[in-house]
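Observations on the model geometry
Residues per chain are reported as follows:
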Amino acid sequence: MIPVSIYKPLAFIKKDFIESASYKFAFITQFIGIVFTIILFYFLSKLLGAAATPYLAPYGGNYFSFVLIGIAFSNYLGISLSSFSAIISGAQVSGTLEALLVTQTEVPAIIIYSSLYSFIITSVRVILYILLGSLFFGMQIGNANYFGALLILILTIVAFSSIGIISASFIMILKKGDPFTWIFGSVSWFLGGVYYPISVLPDWLRNFSYLLPITYSLEGMRMALIQGHSLYQLAPNILALLLFSFLMLPLSIVIFKYAVKKAKRDGSLTHY
Amino acid sequence: MKKKKQECYQNLPPAVEVIRLTKSYPLTKNYRDLLLHPLKKELIPAIKDISFTVNRGEIFGLLGPNGAGKTTIIKILSTLVLPDSGKAIINGFDAEQDGDKVRRSIGYVIGEERSCFWRLTGRQNLEFFAVMNNMPKDVAHRQIEKLLDMLELTDAADRACKEYSTGMRQKLAIARGLLAGPDIIFLDEPTKSLDPNAARHLRNFIRNEIVLNGGKTVIFCTHNLNEAEDICDRLAIIGGGNIKAIGNIREIKSTYRSRLQFLIKTKVVVSQDMIDRIKNIVGSSNVISEEDKSSHGTAITLTTDHEKADFALSELIKNGILIHSFQCLEPSLEEIFARLTEYHDSSINL
C-alpha cells in the first residue's frame, strides 16, 4: 500500500498535469520556445566569439555552454519565486482555496505539493535545454559530474523554494504586488550571473552577488557540468547553498505560518 | 424516530457549541488613511457575542440577510477564520486550538459555483479530495461511487466540470463535503444558484439522505425564508451580527403571536355602531372591517393582544352577533424576519 506521504504529492502532480495538458496550445508552445532560445544564444555566442574568453576561462571559455546553463537553471529561480504565490492567488481566484483549506491536509503541505508539478515541468525544460544544446549546438558537457550537479540542483530547489514560500506569505497578506519577488527576482537576474559571469561586475557590485543563492547555484552547476569538478572542488558552492537552505527554509516556514494566521485573523485567507 | 436518534446521541457532546463568539474585520484603508495613519487599525464588527448550540442529528439554520454574519460564523466553525474572542467547539474540539481535529469532523459545502477544478472530471475532483482527506484508495473508490449514485451524477462523472450545469456543480460540491464521512456538514447557501425545482430536490436530499439516513448534523446558511422554514429543525435569525431569535419555527412564531392579528368572521353583517364599540376596546387604528362573502357577514381584523381580542369577541357575542370563525393569524416567518433584521433593537432568546 502506498503511504500518504507519497500518494498525496502524486495526487497534486496528476491534477496539475491534467489541468496543464488540457490547455493544449500553451502546453506545446512552452517547449517550442526552448528551441528558439537555444538558437538565439547560439548565434549570440558566435558573435561574441573570443571577445568574452578572458572572463569565461574558468568555465571552459565557451559562452554558449555558459549562458545555456545560466538560462536553464535560472528557470528554477523563476518558478520558485512565482509558483508558490501563483498557487495561492490562482486558488483564491478560482474559488478552490477554501475547499482545499478545509481538508485534512495542512496548509504548508498544500503549498509545497502544489508546486511540485511546476518543478517537474521546469526540470523537463532544463533537460531539453541541455539535451538539445549538447546534441545539436555543440554544448560541452562531456566531463560532467552529474552527481555533483544533482546535489547542487536539490540544494538550489530547497534554497529557491524558501524564497518562494516567503513570497507566497506576502501574497497571502497583500494579495498582489509582492515586493519581495520583485526585488529578489530583479537583483538575482542582474547580479546572479545568468547571462554573464559575475567577474565582469565592478568589485563593489560583485559583493552583493555573493549574498544571492543563485550565484552559488549557477557557479556550482557550471563547474559540475562544464568542467566536471569533483565534490571537493564544488564544496564552497555546496556549503553556501546548504547555509542558505538551513537559514531560509525554517525562516520561510515561520513567516508563512505567521502569514496564514494573520490572514485567518483578518478574515482574508480566501480573498484576492 | 427523532426521539430515538436523540437517545443515541445522549452521551456525545453537542455537535456544535458556539460560546460568546465575536469577530471584527479590519477596514481596508484608502490612500489618504494609508499615508496619514499607517498604523491606525479600524475595525468593522461582523458578529457580536454570539452563542448557540446545535444538537446532533438536527438541521440548524442560520438565517439572515446578506452581511448579517452567517458566513463569518461558518468560516470560524470551519477553521478558516479565527475569532477575536469566544469559543467554537465542534464535535468536542476547539476550532482555534484543534483545527486538524475539527477539519476531520466537518464537511464544508461552499455556495460558490467555482469551488471545483473545472478542467478535471467530477470523478477526478472527488478522487483528488479523497486523497486530501487521507482516505485509503479502496474506501475512497467505494464512497465516490456511492455519492455519485446518490446525487445522480454517475452518468456525468467522467465529464469535465466545466461542462456541468450549476446544479450539477452544486451536487458535486455536496459530494465533496460528504466524501470523508464527516459528522457535521456546513452548507453555506447551497441552493443559491439553483432553480426552484433543483433547490427543492436538494433540500429533500439533505433532509432524507444526509440527516435522516446518514445521521449527520447540518448547519444550513440561507437568506431564503421559505427554504429555512422547509428544511430547518431549529434556526437562529441573525441581523447586524447578533442573534435576534433562536428556536424552532413554532417557538419563534408563538413568541410573536401576542402582538399579532386576530380575524373574526361573523355570520351577519355587523353594524357601524358595533364596530365603533370594538374600536373603543382595541383602539380605532387597530380595527379593519369589511364585508366577507364567504361568511355572508363581516370580517373584522384586530391588531392587538389576546386579552383585548377575547374581550372584543365576547362583546360581539353578548350583542347577539353570530360568530362564523375566530382565529389568531400567525405571523409568517417573513414578517418576523423583516421585523428582526430591519430594526436591531431587540434580542429574543427562546
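Below you will find a few notes about this structure. The residue count restarts for each chain, going from 1 along the sequence in the order it is written. Lettering of chains starts at A and numbering of ligands starts at 1, both following the order in which they are written. Where local features are concerned, this predicted model is filtered to residues with pLDDT of at least 70; where side-chain atom pairs are given and counted, the filter is 80 or more; whole-chain, interface and lining totals use all residues. The side-chain quantities take in all heavy atoms of the structure and omit both hydrogens and water.

1. As for the overall build of chain B
Counting its regular elements, chain B contains 13 helices and 14 strands. Values of the radius of gyration come from C-alpha atoms, whereas the globule rule sets the reference at 2.2 Å times the count of residues to the power 0.38. Taken over the C-alpha trace, chain B has a radius of gyration of 26 Å; the compact-globule value for 350 residues is 20 Å, which it surpasses by more than 25%. Every residue pair with non-hydrogen atoms within 4.5 Å of one another is taken to be in contact. Restricting to contacts in chain B with at least 6 residues of sequence separation, those with at least 24 account for 74%. Only four residue types enter the tally: Lys and Arg on the positive side, Asp and Glu on the negative side, with His and both chain ends excluded. Charged side chains are reduced to one point each, which is NZ for Lys, CZ for Arg, CG for Asp and CD for Glu. Taken as two groups, the 48 positive and 45 negative side-chain charges of chain B have centres that lie 3 Å from each other. Under the DSSP-based scheme used, a helix requires at least four consecutive residues in state H or I and a strand at least two consecutive residues in state E, with every element numbered from the N terminus.

2. Brief notes about the interface of chain A and chain B
You'll often see interface size given as the accessible area lost when the parts meet. The partner chain B presents 35 residues to the 30 residues of chain A that form the contact. Once two parts are put together, the accessible area they lose, assessed with a 1.4 Å probe and summed over both, is termed the buried area. When the two sides are added together, the surface that chain A and chain B hide from each other amounts to roughly 3,100 Å², 58% of it contributed by carbon and sulfur. A per-residue breakdown of the area chain A buries against chain B is headed by A:V102, A:Q104 and A:R265, which together make up 22% of the total. One side-chain nitrogen of Lys or Arg within 4 Å of one carboxyl oxygen of Asp or Glu is enough to make a salt bridge. Between chain A and chain B we count 4 salt bridges in total. Linking B:E96 and A:R265 is a salt bridge whose minimum nitrogen-to-oxygen distance equals 3.6 Å. The definition of a polar contact used here is a pair of N or O atoms within 3.5 Å, where within protein one atom must be able to donate a hydrogen and the other to accept one, and adjacent residues in sequence count solely through side-chain atom pairs. Put simply, chain A and chain B have 13 residue pairs in polar contact (both at pLDDT 80 or more) between them. Of all the elements in the fold, those that place two or more residues in the side of chain A that touches chain B are helix 1 (4-22), helix 5 (96-101) and helix 11 (231-266) of chain A. Broken down by class, the residue content of the side of chain A that touches chain B amounts to 11 nonpolar, 9 polar and 10 charged. Polar here means any residue other than Ala, Val, Leu, Ile, Met, Phe, Trp, Tyr, Cys and Pro, which are nonpolar, and Asp, Glu, Lys and Arg, which are charged; Gly is therefore polar.

3. What to know about the environment of B:D183
Residue and element names in this part refer to chain B. You can see D183 is positioned in the loop between helix 7 (166-178) and strand 7 (184-188). Residue D183 is classed as partly exposed on the basis of its relative accessible area of 35%. Sequence spacing of D183 and K29 is 154 residues, and the spatial spacing of their C-alpha atoms is 40 Å. In this view, D183 contacts N91, S105, K216 and T217; residues no more than four positions away in its chain are not counted. Exposure is judged per residue with a 1.4 Å probe applied to protein chains only, and the accessible area is read against the type maximum: over 50% gives exposed, under 20% gives buried, and values in between give partly exposed.

4. Details of the packing of aromatic side chains
Each aromatic pair joins two rings of Phe, Tyr and Trp (for Trp, the six-membered one) with centres within 6.5 Å, and gets the label stacked for planes under 30 degrees apart, edge-to-face for over 60, and tilted for any other angle. Counted by the stated rule, this structure contains 18 aromatic pairs over all chains. Pairing A:Y42 with A:F43 gives two aromatic rings, centres 5.4 Å apart and planes at 70°, and the pair type is edge-to-face. Aromatic side chains A:F64 and A:F137 sit 6.1 Å apart centroid to centroid with 45° between the ring planes, which places their arrangement in the tilted category. Taken together, the residues A:F64 in helix 4 (residues 63-94) and A:F137 in the loop between helix 6 (107-136) and helix 7 (146-174) connect sequence positions 73 residues apart. Here a set of aromatic residues connected by ring pairs shows up, and it is made of A:F12, A:Y113, B:F117, B:F128 and B:F129. Only when the NZ atom of a Lys or the CZ atom of an Arg is both within 6 Å of the ring centre and within 35 degrees of the ring normal do we say a charge sits over the ring. Cation over ring: B:R119 sits above A:Y23, and NZ or CZ is 3.6 Å from the ring centre. Note that B:R176 overlies the ring of B:F129, its terminal NZ or CZ placed 5.1 Å from the centroid.

5. Some words on the sheet that holds strand 3 (residues 59-63) of chain B
Sheet strands line up and pair through hydrogen bonds in the backbone, either parallel or antiparallel. All names here are of chain B. In this description, strands pair whenever DSSP reports at least two bridges between them. Reading across from one edge, 6-7-8-3-9-10 is the order of the 6 strands in this open sheet, with mixed pairing throughout. Each of the sheet's edge strands pairs with one partner strand only, and the pair in question is strand 6 (106-109) and strand 10 (242-247). Strand after strand, the sheet turns through a mean of 15° between neighbouring axes, direction not considered. Where strand 7 meets strand 8 (residues 217-222), 5 bridges bridge the pair, whose relative direction is parallel. Paired with I184 across the two strands is T217, which belongs to strand 8. Note on geometry: axes are lines fitted to C-alpha atoms, helical ones only across the stretch in contact, with angles between N-to-C directions running from 0 to 180 degrees. Packed onto the sheet, helix 3 (residues 70-77) meets strand 3, strand 6, strand 7, strand 8 and strand 9 (234-239) and runs at close to 150° relative to strand 8. Seen against the sheet, helix 7 touches strand 6 and strand 7 and runs at an angle of roughly 165° to strand 6.

6. Describing the side chain of B:K171
On the secondary structure map, B:K171 appears in helix 7. Setting aside residues no more than four positions away along its own chain, B:K171 makes contact with B:L151, B:E152, B:L153 and B:H201.

7. Brief notes about a nonpolar patch on the surface
Only residues whose relative accessible area exceeds 30% and that form no salt bridge are eligible for patches; like-charged ones are grouped when within 9 Å, while nonpolar side chains (Val, Leu, Ile, Met, Phe, Trp, Tyr) are grouped when within 5 Å. Calculation of accessible area relied on Shrake-Rupley with a 1.4 Å probe; when residues are assessed, cover is drawn exclusively from the protein chains displayed. A cluster of nonpolar residues, A:I127, A:L131, A:L135 and A:F136, forms a patch on the protein surface that exposes about 460 Å² of accessible area. Structurally, the position occupied by A:L131 is in helix 6.

8. Side note on helix 3 of chain B
Residues and elements named next belong to chain B. The buried fraction of helix 3 amounts to 7 of the 8 residues, a majority that puts the element mostly inside the structure. When helix 3 is considered as a whole, its buried residues turn out to be K70, T72, I73, I74, K75, I76 and L77. One or two residues past the end of helix 3 sits T79, with phi positive at roughly 70°.

9. Comments concerning the environment of A:S252
All names here are of chain A. Among the secondary structure elements, S252 is positioned in helix 11. Given the relative accessible area of 0%, S252 is considered buried. Setting aside anything within four residues of it in sequence, one finds S252 in contact with S162, I165, I166 and S169.

10. Some details on helix 8 (residues 196-213) of chain B
Residue and element names in this part refer to chain B. In this model helix 8 runs 24 Å from its N-terminal to its C-terminal C-alpha over 18 residues, within 8% of the 26 Å that 1.5 Å per residue would give. In the structure, helix 8 departs most strongly from a straight axis at F205, where the bend amounts to approximately 25°. What helix 8 keeps buried is the set A199, L202, R203, F205, I206, I210 and V211. Positive phi shows up at G215, right after helix 8, with a value of about 70°. Any helix carries an expected span of 1.5 Å times its number of residues minus one. The bend at a residue is defined as the angle formed between two axes, one fitted to the seven residues ending at that residue and one fitted to the seven starting there.

11. Quick look at the sheet that holds strand 13 (residues 297-303) of chain B
All names here are of chain B. Taken in spatial order, the 4 strands make up an open sheet running 12-13-11-14, and their pairing is antiparallel. Looking at strand neighbours, the two that pair on one side only are strand 12 (287-292) and strand 14 (323-329), the edges of this open sheet. Strand after strand, the sheet turns through a mean of 15° between neighbouring axes, direction not considered. Across the sheet, helix 11 (residues 272-282) lies against strand 12 and strand 13, angled at about 150° from strand 12, the strand it touches most. On the sheet, helix 12 (residues 306-318) packs against strand 11 (261-266), strand 13 and strand 14 and is oriented at approximately 175° with respect to strand 14.

12. So, the nonpolar core
Formed by 166 residues in total, the largest nonpolar core has its most connected members in A:F73, B:V16, B:F52, B:L62 and B:I237. Ranked by residue count, the leading element in this core is helix 4 of chain A, at 16 residues. Those residues in contact with B:L62 that sit more than four places away from it in its chain are B:F52, B:K70, B:I73, B:I74, B:I219, B:F220, B:C221, B:T222, B:A236 and B:I238. In this structure, B:M274, B:V282, B:L313 and B:I321 belong to the second largest nonpolar core, which totals 16 residues. Note on terminology: a nonpolar core comprises buried Ala, Val, Leu, Ile, Met, Phe, Trp, Tyr and Cys residues joined through side-chain atoms within 4.5 Å.

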